[in-house]
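# Reading the structure
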Amino acid sequence: MPVAGHWLAIFLLTLVGGLLVRAAIIRDPGLHVPPVVAYITAAVFFMAAVAVLKQLLGVQSDVDGLAPLILAGLTAIGGWIALSPESGGCSMSADDGPGVEVSGLGCRIPFGIGAFLTGMMSVYSGLAWLRARKTRNSSMKP
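About the thresholds
- Along every chain, residues carry numbers that run from 1 in the direction the sequence is written.
- Side-chain atom pairs in this predicted model are given and counted only at pLDDT of 80 or more, local residue features only at pLDDT of at least 70, and totals for whole chains, interfaces and linings cover all residues.
- Only hydrogens and water are set aside when side-chain values are computed; all heavy atoms of the structure are taken into account.
- Each helix is a run of DSSP H or I of at least 4 residues and each strand a run of E of at least 2, with the numbering of both proceeding from the N terminus.
- One fewer than the residue count of a helix, multiplied by 1.5 Å, yields its expected span.
- The rule is simple: take the accessible area with a 1.4 Å probe, protein chains only, and divide by the maximum for that residue type; under 20% is buried, over 50% is exposed, in between is partly exposed.
- Contacts are assigned to residue pairs that have any heavy atoms within 4.5 Å of one another.
- Axis lines are fitted to C-alpha atoms, over the contacting stretch for helices. Their N-to-C directions set the angle, which ranges from 0 to 180 degrees.
- Orientation categories follow fixed angle ranges, with anything under 35 degrees roughly parallel, anything over 145 roughly antiparallel, 65 to 115 roughly perpendicular, and all other angles oblique.
- Handedness of a crossing is defined here by the sense of rotation of the near helix relative to the far one, left-handed for an anticlockwise turn of less than a right angle and right-handed for a clockwise turn.
- Charged means Asp, Glu, Lys or Arg here, nonpolar means Ala, Val, Leu, Ile, Met, Phe, Trp, Tyr, Cys or Pro, and polar covers whatever is left, Gly included.
- Residues belong to a common nonpolar core when they are buried Ala, Val, Leu, Ile, Met, Phe, Trp, Tyr or Cys residues joined through side-chain atoms within 4.5 Å.
- In what follows, salt bridge is the name for a side-chain nitrogen of Lys or Arg lying within 4 Å of a carboxyl oxygen of Asp or Glu.
- Patch criteria: residues need more than 30% relative accessible area and no salt bridge. Like-charged residues are merged within 9 Å; nonpolar side chains of Val, Leu, Ile, Met, Phe, Trp and Tyr are merged within 5 Å.
- Under the convention used here, a 1.4 Å probe and the Shrake-Rupley method define accessible areas, while residue burial counts only the protein chains that appear.

### Looking at helix H1 (residues 3-25)
- When the terminal C-alpha atoms of H1 are compared, their 33 Å separation across 23 residues agrees well with the 33 Å that a helix rising 1.5 Å per residue should span.
- Regarding H1, the residues found buried are His6, Ile10, Leu13, Gly17, Leu20, Ala23 and Ala24.
- Of the surrounding secondary structure, the elements contacted by the buried residues of H1 are helix H2 (35-57).
- Of the residues one or two after H1, Arg27 is the one with positive phi, at around 55°.

And the structure:
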């Protein structure tokens, strides 16, 4: 991705995160999730913007500590859709056709499976990050 694409991604990720925070603060009626879910979603967007900024600036690491946090946020969002009695369902469409509203298990099962998978990826990447930090710290000792 060229530099301009990085800056555009950072801008858009930050903008969407900011709009979600604003919607949660003012209790926007168009926000169909509890404020905590909006804050978690905004945090995922902000962390993704930081990850793109790190890439743009050339900050390299073997394993990035942002990955488990982003994945944990995605796990929480999917888990809320799958498990919360407040989640109203979802809509699906094929080939840009009209959407079909789905509720109940037709919506909860796919999001539950996705939440489980992202949760497992979060744990795995968190452990990899901790191992990388431990290895890096032990190699730096005299």
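### Section: the packing of H1 against H2
- Packing of H1 against H2 brings their axes to within 8 Å, and their N-to-C directions diverge by 165°. Considered as vectors, H1 and H2 are oriented roughly antiparallel to each other. Once H1 is placed against H2, the crossing between them reads as left-handed.
- For the contact of H1 with H2, the residue count by class is 21 nonpolar, 6 polar and no charged.

### Regarding H2
- For H2, built from 23 residues, the straight-helix expectation of 33 Å at 1.5 Å per residue is met to within 8% by its first-to-last C-alpha distance of 33 Å.
- Burial in H2 covers these residues: Val37, Ala38, Thr41, Ala42, Val44, Met47, Ala49 and Val52.
- Of the surrounding elements, those touching the buried residues of H2 are H1 and helix H3 (66-83).
- Positive backbone phi, approximately 80°, marks Gly58, located one or two places after H2.

### So, the nonpolar core
- Grouped together as the largest cluster of nonpolar side chains are 9 residues: Val37, Val44, Met47, Leu66, Ile70, Ile77, Trp80, Ile81 and Cys107.
- For this core, the elements supplying multiple residues, two or more each, are H2 and H3.
- Ranked by residues supplied to this core, first place goes to H3 with 5 residues.
- Setting aside chain neighbours within four positions, we find Met47 in contact with Leu66, Leu69 and Ile70.

### A closer look at the pattern of salt bridges
- Counted under the stated rule, the structure contains 1 salt bridge.
- Notably, a salt bridge pairs Lys54 with Asp64, separated by 3.0 Å at the nearest N-O pair. One end of the pair, Lys54, is in helix H2; the other, Asp64, is in the loop between H2 and H3, and 10 residues separate them in sequence.

### Points about the environment of Gly112
- You can see Gly112 is positioned in helix H4 (residues 105-140).
- Accessibility expressed as a relative area gives 24% for Gly112, which makes it partly exposed.
- Distance in space between the C-alpha atoms of Gly112 and Thr75 is 9.0 Å, their sequence separation being 37 residues.

### Regarding a nonpolar patch on the surface
- Together, Leu105, Ile109, Ile113, Phe116, Leu117 and Met120 make up an exposed nonpolar region whose accessible area comes to about 630 Å².
- On the secondary structure map, Phe116 appears in helix H4.

### Describing the environment of Gly104
- Locating Gly104 in the fold gives a position in the loop between strand E2 (100-102) and H4.
- Residues Gly104 and Pro85, 19 residues apart in the sequence, show an inter-C-alpha distance of 9.7 Å.

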